[in-house]
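Structural description and commentary
So you can see what is in the structure, the chains are spelled out below.
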Amino acid sequence: MENKLLIAGIGAGIGAAVTYLTSSMKKRKSFGTPVKDEDHEENSKLIKMDTDDTNTKHTVKESLNLDQMLREEIFNEQMNRTMLYYGEEGFKKIRGAFVIVVGLGGVGSPAAHTLVRSGVRKIRLIDPDLVTLSSLNRNALAQRKDVGRSKVETMKAYFHDICPEVEVEAYQTFFTGDLSEKLLAGEPDYVLDCIDNTTTKVELLTYCHTNKIRVISAFGAGSSSDPTKINITDISYTFGCNFGREVRRLLKVNGITTGILCVYSTEAHRKKLIPLTEQELEILKEQEVKPTLRVRTLGVSMPIPVIFGTSMACNVLNDLAGIPTVVAEEKRTPPPLTEYTRIFKLFIKKEMAIYHTPPTHLRKMMGAVDIRYLVDDIFAGKSIVSMSTSPNMILYRWRPENPIALNNIVYLTQKEGEIHESLKSVESHYSPQDIERIDKILSQVVVTSNSGDRQ
Ligand SMILES: *[C@@H]1O[C@H](CO)[C@@H](O)[C@H](O)[C@H]1NC(C)=O
Ligand SMILES: *[C@@H]1O[C@H](CO)[C@@H](O)[C@H](O)[C@H]1NC(C)=O
Ligand SMILES: *[C@@H]1O[C@H](CO)[C@@H](O)[C@H](O)[C@H]1NC(C)=O
């Protein structure tokens, strides 16, 4: 009872989490026994007390410590999978980090969102704009009700609801070079450049490069549609991209050609700036605004900017945690189908030599795609007998007395194959356990007619 009163003293904001924790504590206590209905009743009482102000006041002071402990437990539970993923040390570094996101459009909003969910200590949002209706087609966070509100304030509130333990600073302002020192103060661990204006972008990148602040920059994302063309690499490896070209040109003027990480797409841009209509030009004339680049519209859809933003955040989290983003061995490409064609040809030869199977008969039954299915998906590239791998492994008919079929084939090393080749029956050589295991694996093979030589 006392416990419940104390819990009731905690701010209403974490009521749901308290409910979760108490119910999971109960589950732990009553492990093995079914959850009773009265548990639900107790929980709903708890929520009611939680929102009851008169009850709350008396216990606020006494509960401060418990509040702190509970908050910590809630935070740790919320971050549990992230901690498991990055490891205790890695997560500690993420948790200790201060990151600045400049520009909160289609790229910046998902980047900031990802960092908040991952539990960084502090995040500073910098953007001058208000949420507009026409930006809701790509903004990862803003809603209809936010139209007209400041982007940074909208996101700050949203992020607080996700994780109040992440400190969010909202700076509603244009980033400009002369404000660099002020806006980037506080020794950030990382700066995310999600600015869409090349002039100010270059000012930001130059400041970070000169002051050795880790920075990652997004090039043009808006007019792309092919996610397979996205890459993260040093600016010196980037090419193409009208927006990137301008950024590189301006940076070179400042003597910078390398040392800045960029997310960019090699896709040729498909969309063009849409010129203003007569009517729009008329309105601008009335308002005495000169029609410049800025007032033209660019068609933009949601996916690529979001991938840019989450890719940036992914790279930042990896860097903070000390995990390499690109692992050398992952660069290898899967063997081409020609490799399976080679294995198939060898198998055809074996079948011909040992069982006099006509090649046309085999080719009708299976092709390189089926061989890839066997070798890769069923045998995982390993010998079915020894689970070892060796160069030049070969397929053999498993039970000599049974006709050839996709589910009567095994993958063996050369040595194992030499023995297998001379067997009259599998029982004469393999242990019953091995035979049972191998039969079981082969029973999983789905036999279809030749899947052809192409995908
Ligand atoms: C995460 O949760 C699991 C299972 O609930 C628990 O065993 C583990 O200690 C937790 N890990 C951390 C780092 O909190
Ligand atoms: C990405 O950049 C690396 C250089 O850092 C390059 O080797 C690789 O081919 C690029 N990938 C794509 C899809 O452009
Ligand atoms: C970029 O921002 C600067 C202000 O720093 C402004 O003068 C310029 O017009 C902007 N350019 C574009 C293309 O929006």
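These numbers come from a predicted model, not from an experiment.

1. Considering the overall build of the protein
Along the backbone of the protein there are 18 helices and eleven strands. Taken across its 455 residues, the protein has 41% of its residues classed as buried. Look at the contacts in the protein between residues 6 or more apart in sequence, and 71% of them connect residues 24 or more apart. Of the roughly 25,800 Å² that the protein leaves accessible, carbon and sulfur atoms contribute 54%.

2. Re the sheet that holds strand β6 (residues 230–234)
With mixed pairing, the seven strands of this open sheet are ordered in space as β3-β2-β1-β4-β5-β7-β6. In the strand order of this sheet, the two ends are held by β3 (167–171) and β6, each with one partner. Going across the sheet, the axis of each strand differs from the next one's by a mean of 15°, ignoring polarity. Examined bridge by bridge, strand β1 (residues 98–102) and strand β4 (residues 190–193) share four bridges and lie parallel to one another. In the sheet register, Val99 faces β4, and the bridge partner there is Tyr190. Packed onto the sheet, helix α8 (residues 151–162) meets β2 (122–126) and β3 and runs at close to 170° relative to β3.

3. Some details on the pattern of salt bridges
Oppositely charged side chains can pair when the atoms bearing their charge come close. If you walk through the whole model with that rule in mind, you get 16 salt bridges. Arg149 is the salt-bridge partner of Asp146, the closest N and O atoms lying 2.8 Å from each other. Residue Lys201 is joined to Asp193 by a salt bridge in which the shortest nitrogen-to-oxygen separation is 3.0 Å. The buried category is assigned to Lys201, whose relative accessible area is 0%. Residue Asp193 is classed as buried on the basis of its relative accessible area of 0%. One continuous salt-bridge network, built from bridges that share partners, spans Arg399, Glu401, Glu427 and Asp439.

4. Section: the nonpolar core
Grouped together as the largest cluster of nonpolar side chains are 41 residues, with contacts concentrated most on Val101, Leu115, Ile123, Leu125, Phe159 and Leu192. Secondary structure elements with two or more residues in this core: α6 (80–95), β1, α7 (108–117), β2, α8, β4, β5 (215–218) and α13 (303–321). The leading source of residues in this core is α13, at eight residues. The residues touching Leu192, leaving out its near neighbours within four places in the chain, are Val99, Ile100, Val101, Val102, Ala111, Leu115, Ile216, Met312 and Val316. With 34 residues, the next largest nonpolar core counts Ile343, Val375, Ile409 and Val410 among its residues.

5. Quick notes on the site of ligand 2
Taken together, Asn231, Thr233 and Thr266 make up the full set of residues near ligand 2. Here an oxygen atom of ligand 2 and a side-chain polar atom of Asn231 are 2.3 Å apart. In this structure, an oxygen atom belonging to ligand 2 sits 2.6 Å away from a side-chain N or O atom of Thr233. For ligand 2, whose accessible area on its own is 370 Å², the fraction buried by protein is 43%.

6. Comments concerning the confidence of the model for the protein
Across the protein, the average pLDDT comes to 84, with 77% of residues at 70 or higher. Below pLDDT 50 for its whole length, residues 27–54 participates in 24 contacts with residues either more than four positions away or in separate chains. Scored below 50 in pLDDT, residues 289–294 makes six contacts in the model with residues more than four places away or belonging to other chains.

7. A look at the environment of Glu246
Among the secondary structure elements, Glu246 is positioned in helix α11 (residues 242–253). The partly exposed category is assigned to Glu246, whose relative accessible area is 29%. Placed 47 residues apart in sequence, Glu246 and Thr199 show a C-alpha to C-alpha distance of 9.1 Å.

About the thresholds
- Residues numbered from 1 in each chain as written.
- Chains lettered and ligands numbered in written order.
- Predicted model: local features only at pLDDT ≥ 70, side-chain atom pairs only at ≥ 80, totals over all residues.
- Heavy atoms only, no water.
- Helix = DSSP H or I, 4+ residues; strand = E, 2+ residues; numbered from the N terminus.
- Buried < 20%, exposed > 50% of the residue type's maximum accessible area, 1.4 Å probe, protein only.
- Contact = heavy atoms within 4.5 Å.
- Areas by Shrake-Rupley, 256 points an atom, 1.4 Å probe, with all protein chains shown as cover.
- Pairing = 2+ DSSP bridges.
- Axes fitted to C-alpha atoms, helices over the stretch in contact; angles between N-to-C directions.
- Salt bridge = Lys/Arg side-chain N within 4 Å of Asp/Glu carboxyl O.
- Core = buried A, V, L, I, M, F, W, Y, C linked by side-chain atoms within 4.5 Å.
- Near = heavy atom within 4 Å.
- Polar contact = N/O pair within 3.5 Å; in protein donor to acceptor, adjacent residues only side chain to side chain.
- pLDDT = per-residue confidence, 0-100.

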